[in-house]
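Examination of the molecular architecture
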Amino acid sequence: MRLLYFAWVRERVGVGEEEVSPPASVTTVAELVAWLAAASERHAAAFAEPARLRAAVDQAFVSLDASIAGAREVAIFPPVTGG
Amino acid sequence: MIRVAVSPAVIDVAAELEVLERDGAVASFTGLVRGDDGVATLELEHYPGATEAALERLAAAASARWSLTAATIVHRIGAMAPGERIVFVGTCAPHRCAALEACAYLIDRLKTDAPFWKRETVNGASRWVEARDGDGEAAARWE
């Protein structure tokens, strides 16, 4: 599974993208975020406030409780500020 | 006709308006970088691929809802200075009400539905711009 990070999430994690293989017990974006945070201090720092995180699964905006079953690409980022 | 562009190029409003002139009413919104609080530069990051798709979906939704003849969304990315154009939204319809309402819809929804992030530099220090609560409320009025 390909993970993408943007804005301050990208800066805190330290990379813009990475490949991961979460265990089968990780089924939602929120669980993925918790799994990543448990494994690395940088991810833990980036994901310290889940309420400030937004996500997209295969480029569609979703809530953090959305499923990641079969997802090829998951993006995690702050609330958007375009326009 | 839908036109979507996400690019570091300067936005040519006159050229964009000319492309839209296909029916009786053309409405547009142009957003410029504000120099509030000493902002010297603004940098726009986006989610390549997903951004263009989100803007295409918005333009298609507006075109269907207001029976538009044409809709254009152009958003700059990269670094820009106060006073520079950052976004252009334009609509064309047979009559003004549809063109004006669809134009307001597009800029309101773009603020919450398209993956862009602003980073501003003030007095040599840079920081990510926080989302505004008002943006969510403005977008929600079109539900």
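Each remark here, short or long, concerns the structure printed above.
Attention here is on the structure that accompanies the text. (Residues numbered from 1 in each chain as written. Chains lettered and ligands numbered in written order. Predicted model: local features only at pLDDT ≥ 70, side-chain atom pairs only at ≥ 80, totals over all residues. Heavy atoms only, no water.)

What about the interface of chain B and chain A?
Going by this rule: Pairs of residues are marked as contacts when any of their non-hydrogen atoms sit within 4.5 Å. Defined in terms of a 1.4 Å probe, buried area is the accessible area two parts forfeit on being brought together, summed over both. Counted as salt bridges are all cases of a side-chain nitrogen of Lys or Arg within 4 Å of a carboxyl oxygen of Asp or Glu. Each helix is a run of H or I in the DSSP string that is no shorter than four residues. Each strand is a run of E no shorter than two, and both are numbered from the N terminus. Asp, Glu, Lys and Arg are counted as charged, while Ala, Val, Leu, Ile, Met, Phe, Trp, Tyr, Cys and Pro are counted as nonpolar; the rest, among them Gly, fall into the polar class.
At the junction of the two partners, chain B supplies 24 residues and chain A supplies 19 residues. Summing the contributions of chain B and of chain A, the shared interface buries around 1,800 Å²; its carbon and sulfur component is 56%. Of all residues in chain B, Tyr47(B), Trp117(B) and Trp128(B) bury the most surface against chain A, accounting for 38% of the area lost on that side. Our enumeration of links across chain B and chain A arrives at three salt bridges. Residue Arg119(B) pairs with Glu11(A) through a salt bridge whose shortest N-O separation is 3.0 Å. Elements that contribute at least two residues to the side of chain B that touches chain A include exactly strand E3 (39-46), helix H2 (50-65), strand E6 (85-93), helix H3 (96-113) and strand E7 (116-122) of chain B. Looking at the side of chain B that touches chain A, its residues break down into 13 nonpolar, four polar and seven charged.

Thoughts on the pattern of salt bridges
Between side chains of opposite charge, a pair can form as their charged atoms come close. All names here are of chain B. Here is the rule: Three exposure classes are used, based on accessible area relative to the maximum for each residue type with a 1.4 Å probe and protein chains only: buried under 20%, partly exposed in between, and exposed over 50%.
Applying the stated rule across the entire model yields 12 salt bridges over all chains. Of the charged contacts in the structure, one is a salt bridge between Arg-141 and Asp-108, with a shortest N-O distance of 2.8 Å. On the criterion of sequence distance, the pair formed by Arg-141 in the segment after helix H4 (133-140) and Asp-108 in helix H3 is long-range, its members being 33 residues apart. Looking at Arg-141, the relative accessible area reads 53%, which means it is exposed. For Asp-108, a relative accessible area of 14% translates into the label buried.

Section: the packing of H3(B) against H4(B)
Residues and elements named next belong to chain B. This is how the line gets drawn: All axes are obtained by fitting lines to C-alpha atoms, using only the stretch in contact for helices, and the reported angles, taken between N-to-C directions, cover 0 to 180 degrees. In this scheme, roughly parallel covers angles under 35 degrees and roughly antiparallel covers those over 145, while 65 to 115 is roughly perpendicular and the rest are oblique. Note on convention: the crossing is left-handed when the near helix lies turned anticlockwise from the far helix by less than a right angle, right-handed when the turn is clockwise.
For the pair H3 and H4, the least separation of the axes is 8 Å and the interaxial angle reads 130 degrees. Viewed along their axes, H3 and H4 adopt a mutual orientation that is oblique. Pair H3 / H4 crosses with left-handed handedness. Residues Asp-108, Arg-109, Lys-111 and Thr-112 of H3 touch H4, and the partners they reach there are Asp-135, Gly-136, Ala-138 and Ala-139. Here the contact of H3 with H4 is composed, by residue class, of two nonpolar, two polar and four charged.

With respect to the sheet that holds strand E8 (residues 125-128) of chain B
All names here are of chain B. The condition that has to hold: Two strands make a pair as long as DSSP finds a minimum of two bridges between them.
Strands sit in the order E5-E3-E7-E8 across an open sheet of four strands; the sheet is antiparallel. Here the strands that pair on one side only, and so sit at the sheet edges, are strand E5 (78-80) and E8. Strand after strand, the sheet turns through a mean of 25 degrees between neighbouring axes, direction not considered. Pairing analysis gives seven bridges linking E3 to E7, with the strands arranged antiparallel. Counted as the bridge partner of Leu-42 is Glu-120 from E7.

A short note on the packing of aromatic side chains
To keep it simple, the criterion reads: Working definition: a ring pair exists when centres of Phe, Tyr or Trp rings (six-membered ring for Trp) sit within 6.5 Å. Plane angles under 30 degrees give stacked, over 60 give edge-to-face, the rest tilted.
Considering all chains together, one arrives at nine aromatic pairs over all chains under this definition. Geometrically, the ring pair formed by Phe6(A) and Tyr47(B) is tilted, given 4.7 Å between the ring centres and 35 degrees between the ring planes. Residue Phe6(A) is found in the loop between strand E1 (2-5) and helix H1 (7-13), and its partner Tyr47(B) is found in the loop between E3 and H2; the two belong to separate chains. No difference in accessibility class separates Phe6(A) from Tyr47(B), as the two residues are buried. Both rings, one in Trp66(B) and one in Trp142(B), keep their centres 5.6 Å apart while their planes meet at 80 degrees; by these two values the pair is edge-to-face. Note that Trp66(B) is positioned in the loop between H2 and strand E4 (70-76) and Trp142(B) in the segment after H4, a separation of 76 residues in sequence. There is no split in this pair, since Trp66(B) and Trp142(B) are both buried. Taken together, the ring pairs in this structure connect Phe6(A), Phe61(A), Phe77(A), Tyr47(B) and Trp117(B) into an aromatic cluster.

This is a description of form; function is not addressed.
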